Amino acid sequence: QPLNISFDERGRMWVVQYIQYPFPAGLKVVEYDRYIRAKFDKTPLPPPKHFPGHDKITIHEDVDGDGSFRKVKTFVDGLNIATSVLHGRGGVWVMNPPYLLFYPDKDRDDVPDSDPVVHLAGFGLEDTHAVASSLMWGPDGWIYGAQGSTCVANIRAPLSKEPEKVTKFLGQAIWRYQPEEHRFEIFAEGGGNTFGVEFDDEGNLFSGTNWGQYRGVHYVQGGYYVKGWGKHGPLTNPYAFGFFGHMPHVGNADRLTHTFVVYGGGLLGKEYEGKIIGPNPLMSRITVTRLKREGSTFKTVEEAPMMTSDDGWFRPVDLKTGPDGAIYIADFYEKRISHVDPRDTWDRSNGRIWRIRPADWKAGIKPFDMGKLNGEELVNRLGDKNRWVRATTLRLLGDKQDKPSPWRLRRTRNDSQDHVALEALWALHATEELRDEDWLDALKHLNPDVRRWGIRMFGDLPGKASAAVVWRLIELSQSEKDPQVRSQIASTLKRINSEGVSAVLAAMLDHPANDAKDAHIPLLLWWAVEAKLKTNRESVLAVLQDSWNSEVARETIFARLARRLASEPTEENQKALVAMLEKAPGDGERKILMEGIGEAFKGRTMENLSPGLAEALKKWGGQELAVRAGDAAAMAAALDLIQNDRAEFKTQRIELIQILGQVGKAEAIPVLLEAAEKSQWHSVRKAAFSALTHFEDGGIGKGIVEMYGKLPGDQGVRGAAISALTSREAWAEELVKGVKSGVIAKADITAEQIERIRQLENPALTAMADATFGAGKASSEEKQREMERVAGVLKTGSGDAGVGKGIFMARCGTCHSLFGEGGKTGPDLTGYERKNLDFLLLSIVDPSAYVREEYTNFRIKTNDGQTLFGLISERGAMQITLTDSSLEKSVIPKNRIKDERALATSIMPEELLNGLNERELRDLFAYLSAVKGP
């Protein structure tokens, strides 16, 4: 099971064999927690005291240069969920969650000199297809790694100055570790089930993704990125108030290129140089994607695959550029690759390594050993056409076996304007020869990448920043035009500790460059501001007060700043809000601030306001904030407006209805019931039903049942009424009684809504539901028989994909899309493994066998007895936003939440194939398995 490939300085290929996957040896799953993460009976010890598994790391060598790696030896075996190997600093680094291990091997005899040293501990094991992985040296001499989607991390660095310090995060991230100083940090957080780590020629950092029609993520320092906010958890900073997405993609990405290289091997020709080459194990192909600069980041453009295979067992899971410039591919070679089927049917005997090379190329890597080169000889390799050679050179210089002359590196950096200047800067850093004059030279270099990396590495220095370099940074903030350099200034601004911070911020905000339209810079500046509220509060607030003419500040920072201060309404923060409101240039600017304050109190009432802020909100806040603040006159006016059914008030009424539900004033109940029953606007009715669920009043359920027959049968109004009835036990009982009495048609209740009743966890109510609707889901045996039945039908003949499309759109297309048509509630099926009948049948007949993390349904119970269901679409500092299957949103204050739990049950119904005859089954599956739409 080859999972990870790397090459050492002798050109030998090291392979991590992931034979133990998917379950760690010696551990027992004792439960699955409220996020459906596995919890084990113990934390495994590091080797050699660990429980041995079957994973191993092997070394493969082409001893005679004929292209075949015939000589094989094992470096270490008995590992237990080992995912990655890396060479350097006198030994071998192994990612073996929960540990980052270092095996000393100073004599390079491929035999560890001692037991491994634990450098990091605390990486989670909850989901072994998403554990920490993909070790790689960065150009800055840090070890970088990826953290997958569902695993918890509580990271300690036992060798650091603060061995008990813990860095906690959940889900996707790129992390890094400085091995000499033993510093650990999150480099950037979020992503798309992060697995790979890749640097391009300029040191831009990327990872792949398993997220829809995208190719990957461009990570910038300190960035926050999209996550599945439910199962993957919140960002570590609850006040981020925004995040970056994937690189925009043009063309069909066909999902799942979790790792890749930005090719820089110099062997395959200009056709591939600088492009993403990545494995797609679901589609059994190697993809090619062009990277195109777009402001400070990139977009991706799909090109023709480099290779495809009709062999469905071909499962490329890793891909690396070798010392020869060829592409090497780790192939799991499995009938299955998805995690849907819980049965252990993995074939661990037949993994393979492939190579892609020019047809006319004479294969082979003649034996060599870069480790024997002295410092000056290594410097000669900094201009090599193969990035692997340059990266290995930097790593060996970082090993500090023999230092080159720093003056030569400085001359190369200063005299060159091309890429070699950047490599020289990195080499100076690797050999610890950077001085203040080097930072100053780098920040005025003609090559923008040298300026960018000078800023970045300067920001990584521990302790207080040099005043001279900070002043140069201020000048650069005023004059710099390159968007990537400006992006790095924004990232570094968050990190440095200096009196010049506010001046850098002022210069960035005052710059005429169109930073406001950049995909990264505005939020990076906000995150810098948010961080500096703790360390440079007064000076930063003073800069912002004078920055209302800045487009970035107006569009991105001010509303978030007001939201941040209001989210933590201390006396100091409320005083700052009042000052901002009073000093704002006009009502337009105050409206921006009020929008931020409104976001902070979304879903909850305003309490414990200072007299000054209460007066400011009354003066400038508008009706919505006044209602949240409990103003009686505003409440009366809101109730009057809600009863006015004229078209021009529709949008405002919906907003007020939502607020009235959130503040929970009992006088709103009759008004909301009337709007739900009588409004001419379906959107108003649905908002009213949603708002009513916030009230404990038992009579509401009976009232909804009584009005049910008068409600329109289309536009989702009756569905909203039934969803409201399933939100509380007493109301759900009224619903079941209404079905039994015939007031509500049984056919109106969906399988999902019936499951909601069961999820209320009231035994008597569940028994009533079973008696009324049937005994629930089919047994495992019944599902297996159904899969066998359908498989037998499909073997009797072929179907018509054109006819099958109609069946798909009627039964599946409300939630799923295929070939660009259909709904968006569920995943786009285009990039799925649709030719694998076993996978299709299990996914359709038993959709709860495996639920993808970003489509995990959540149940939230509140302190007052309300139960809500849906996908968590946002996690704020004070509230959670839940979106149900009809796309209705509920905002729940965290202090109202009694229990939050991920459900193992898919919202997709199990009876999807019921009622289809044999011909229709063949037609549907013909469309599902089609290569392209009919």
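Residues numbered from 1 in each chain as written. Predicted model: local features only at pLDDT ≥ 70, side-chain atom pairs only at ≥ 80, totals over all residues. Heavy atoms only, no water.

1. What to know about the pattern of salt bridges
Using the criterion set out here, one finds 73 salt bridges in the structure. We note a salt bridge from R176 to D460, for which the minimum N-O separation is 2.8 Å. Of this pair, R176 sits in strand β15 (residues 173–178) while D460 sits in the loop between α6 (448–459) and α7 (467–479), and the two are 284 residues apart along the sequence. Each member of the pair, R176 together with D460, is buried. (Salt bridge = Lys/Arg side-chain N within 4 Å of Asp/Glu carboxyl O. Helix = DSSP H or I, 4+ residues; strand = E, 2+ residues; numbered from the N terminus. Buried < 20%, exposed > 50% of the residue type's maximum accessible area, 1.4 Å probe, protein only.)

2. Focus on the packing of helix α11 (residues 537–545) against helix α13 (residues 571–583)
For the pair α11 and α13, the least separation of the axes is 11 Å and the interaxial angle reads 20 degrees. In terms of orientation, α11 lies roughly parallel with respect to α13. Where α11 crosses over α13, the two elements pack in a sense that is right-handed. Contacts between α11 and α13 involve R537, L541 and Q545 from the former and E572, N573, A576, A579, M580 and K583 from the latter. Its residues assigned to classes, the contact of α11 with α13 shows 4 nonpolar, 2 polar and 3 charged. (Axes fitted to C-alpha atoms, helices over the stretch in contact; angles between N-to-C directions. Parallel < 35°, antiparallel > 145°, perpendicular 65-115°, else oblique. Left-handed = near helix turned anticlockwise from the far one by under 90°. Contact = heavy atoms within 4.5 Å. Nonpolar A, V, L, I, M, F, W, Y, C, P; charged D, E, K, R; others polar.)

3. A few points about unusual backbone geometry
Cis peptide bonds are those with omega within 30 degrees of zero, and the linkage from Y21 to P22 qualifies with 15 degrees. Topologically, P22 is positioned in the loop between β2 (13–17) and β3 (29–32). Following P97, the chain continues to P98 via a peptide bond in cis, the omega torsion being 15 degrees. One non-glycine residue with positive phi stands out, namely R108, at about 55 degrees. Within the fold, R108 resides in the loop between β9 (99–104) and β10 (117–123).

4. With respect to the sheet that holds strand β32 (residues 867–875)
One open sheet accounts for 5 strands, arranged β34-β33-β32-β31-β35; its pairing is antiparallel. Taken across any chain shown, the strands that pair with only one partner, and hence form the sheet edges, are β34 (889–893) and β35 (897–902). The average undirected angle you get between the axes of adjacent strands in this sheet is 45 degrees. The sheet contact formed by β32 and strand β33 (residues 879–883) spans 4 bridges and is antiparallel. The residue bridging L871 from the neighbouring strand is T883, located in β33. (Pairing = 2+ DSSP bridges.)

5. Topic: the pairing of β2
In terms of burial, β2 is largely enclosed, as 5 of its 5 residues are buried. Because side chains alternate across β2, one face comprises the buried residues M13, V15 and Q17, and the other comprises W14 and V16, equally buried. As paired strands, strand β1 (residues 2–7) and β2 are joined by 5 bridges and run antiparallel to one another. What sits directly across from P2, in β2, is Q17. The hairpin formed by β1 and β2 contains 5 residues between the paired strands, and G11 there has a positive phi angle of roughly 80 degrees. Direction of pairing for β2 relative to strand β5 (residues 55–61): antiparallel, over a ladder of 5 bridges. In the strand pairing of β5, V15 is matched with T58.

6. Regarding the sheet that holds strand β11 (residues 133–137)
The antiparallel open sheet is built from 4 strands, whose spatial order is β11-β12-β15-β16. Each having just a single partner strand, β11 and β16 (183–189) make up the two edges of the open sheet. Between one strand axis and the next, the sheet turns by 25 degrees as a mean value, whatever way the strands run. For strand β12 (residues 143–147) and β15, the ladder comprises 5 bridges, and the chain directions are antiparallel. Across the sheet, the residue bridging to A146 is I174, located in β15.

7. Considering empty space enclosed by the protein
Across all of its chains, the model carries 7 cavities of 30 Å³ or more by this definition. Of the pockets and cavities examined, the largest cavity occupies roughly 830 Å³. Surrounding the largest cavity, 45 residues form its lining, M136, W137, W388, A391 and T392 being those nearest its centre. Secondary structure elements with two or more residues in the lining of the largest cavity: β1, β7 (84–87), β11, β17 (198–199), β21 (261–262), β26 (316–321), α2 (387–399) and α4 (419–430). A total of 8 residues in the lining of the largest cavity trace back to one element, the largest contributor, which is α2. Its residues placed into classes, the lining of the largest cavity shows 20 nonpolar, 14 polar and 11 charged. Looking at the second largest cavity, its volume works out to about 260 Å³. Lining the second largest cavity are 19 residues, and of these S690, S723, R756, D884 and S890 sit closest to its centre. Across the lining of the second largest cavity, the residue classes break down as 6 nonpolar, 9 polar and 4 charged. (1 Å grid on protein atoms, 1.4 Å probe; cavity = no way out; pocket = protein on both sides within 12 Å on 5 of 7 lines; lining within 4 Å. Points joined across faces, edges and corners; volume = space filled by probe spheres on them.)

8. Structural notes on the layout of surface pockets
By volume, the second largest pocket amounts to about 1300 Å³. Lining the second largest pocket are 41 residues, and of these K165, R183, F184, E185 and R495 lie nearest its centre. Counting residues per element, the ones that place at least two in the lining of the second largest pocket are β13 (152–156), β16, α6 and α10 (521–532). Among the elements that line the lining of the second largest pocket, the one with the most residues is β16, at 7 residues. Classifying every residue of the lining of the second largest pocket gives 13 nonpolar, 13 polar and 15 charged.

9. Some words on the packing of helix α9 (residues 501–510) against α11
In the contact formed by α9 and α11, the axes pass within 9 Å of each other and the chain directions differ by 20 degrees. Considering their axes alone, α9 and α11 lie roughly parallel with respect to each other. When the axes of α9 and α11 are compared, the crossing they make is right-handed. Where α9 abuts α11, its residues S502, L505, A506 and L509 lie against S539, V540, V543 and L544. Split into classes, the residues belonging to the contact of α9 with α11 amount to 6 nonpolar, 2 polar and no charged.

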